[in-house]
Amino acid sequence: MKTLYDQGGRNFWVHNTGPLGCLPQKLSMVEKTSRDLDQHGCISRYNDAANLFNEGLHQLCQGFRSEMKGATVVYVDIYAIKYDLIANSSKYGFSNPLMACCGFGGPPYNYNIQITCGQPGAQVCNEGSKLVSWDGIHYTEAANNIVASKIQTNVFSTPHIAFDFFCH
């Protein structure tokens with residue numbers, strides 16, 4: 001950001017990281033017990049690490065706001081938005097919020113590192129609009145539509161600057 005600022009950049013939109021412990025990829029690849037999972041079935045230590053990273057990123061953005069005169073630095077809490085999709089999946093019309101649509105192995109995660117989406121043997125579900133995860137890492141179009149609409153509200157932004165500020 002400082003390099004871009006030094007070259008004339010003045011508007012920065014910074015997204016934090018999402019709840020890594022809720023990704024079907026991580027859930028399928030990590031040995032875990034029920035004590036390792038939170039109330040929604042996500043790996044707590046992965047989400048704790050994501051939150052620690054996000055805390056540092058948020059502080060970094062605050063520092064940039066005071067250091068980079070004339071710049072607008074907006075921090076967006078993608079973690080909160082995406083975790084809400086998992087925690088309240090039925091409210092948004094999603095079933096099996098921790099299962100990938102495109103993958104191999106079926107429930108609970110439909111993810112196998114040996115046969116990932118797009119490889120021979122991988123299967124695609126018929127109802128991608130009912131799942132949060134597309135391939136165990138990326139979100140489905142339906143989930144991304146909700147994420148985008150929440151970003152545009154600016155409720156998850158610090159400071160609360162209207163999204164279209166960056167379009168002018």
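Per an unreviewed UniProt entry, the protein goes by GDSL esterase/lipase and derives from Heracleum sosnowskyi.

Participant: Could you give an account of the state of the cysteines, naming the residues involved and the relevant values?
Facilitator: Summed over the entire model, instances satisfying the criterion amount to three disulfides. Disulfide pairing places C101 opposite C125 at an S-S distance of 2.1 Å. Measuring the twist about the S-S bond at about -100°, one finds the C101-C125 disulfide to be left-handed. Separated by 24 residues along the polypeptide, C101 in the loop between helix 4 (78-87) and strand 3 (102-103) and C125 in the loop between strand 4 (123-124) and helix 5 (141-152) bring together distant segments of the chain.

Participant: Tell me about the pairing of strand 2 (residues 72-76), residues and numbers included.
Facilitator: Judged by how many residues are buried, strand 2 sits mostly within the fold: five of five residues are covered. Of the two faces of strand 2, the one holding T72, V74 and V76 and the one holding V73 and Y75 are both buried throughout. Inspection of the sheet shows strand 1 (residues 11-15) paired to strand 2 by five bridges, in the parallel sense. Along strand 2, the bridge assignment pairs H15 with V76. Of the strand pairs in this sheet, strand 2 and strand 5 (residues 157-158) are connected by two bridges, and their pairing is antiparallel. The residue bridging V76 from the neighbouring strand is S157, located in strand 5.

Participant: Please give an account of the environment of R35 that cites residues and values.
Facilitator: Mapped onto the secondary structure, R35 falls in the loop between helix 2 (24-29) and helix 3 (44-67). C-alpha separation for the pair R35 and F163, spaced 128 residues apart in sequence, amounts to 40 Å.

Participant: Requested: an account of the sheet that holds strand 2, with residues and values cited.
Facilitator: Read from one edge of the open sheet, three strands run 1-2-5, paired in mixed fashion. Each of the sheet's edge strands pairs with one partner strand only, and the pair in question is strand 1 and strand 5.

Participant: Lay out the nonpolar core in plain terms, naming residues and giving numbers.
Facilitator: Core analysis: the biggest nonpolar cluster contains 26 residues, and L85, F94 and L98 have the highest contact counts within it. Within the residue set of this core, elements represented by two or more residues are strand 2, helix 4 and helix 5. Broken down by element, the residue count for this core peaks at six residues, all from helix 4. Core analysis: the next-biggest nonpolar cluster, separate from the first, contains ten residues, F12, C61, M68 and Y75 among them.

Calculation notes
- Residues numbered from 1 in each chain as written.
- Predicted model: local features only at pLDDT ≥ 70, side-chain atom pairs only at ≥ 80, totals over all residues.
- Heavy atoms only, no water.
- Disulfide = S-S within 2.5 Å.
- Helix = DSSP H or I, 4+ residues; strand = E, 2+ residues; numbered from the N terminus.
- Buried < 20%, exposed > 50% of the residue type's maximum accessible area, 1.4 Å probe, protein only.
- Pairing = 2+ DSSP bridges.
- Core = buried A, V, L, I, M, F, W, Y, C linked by side-chain atoms within 4.5 Å.

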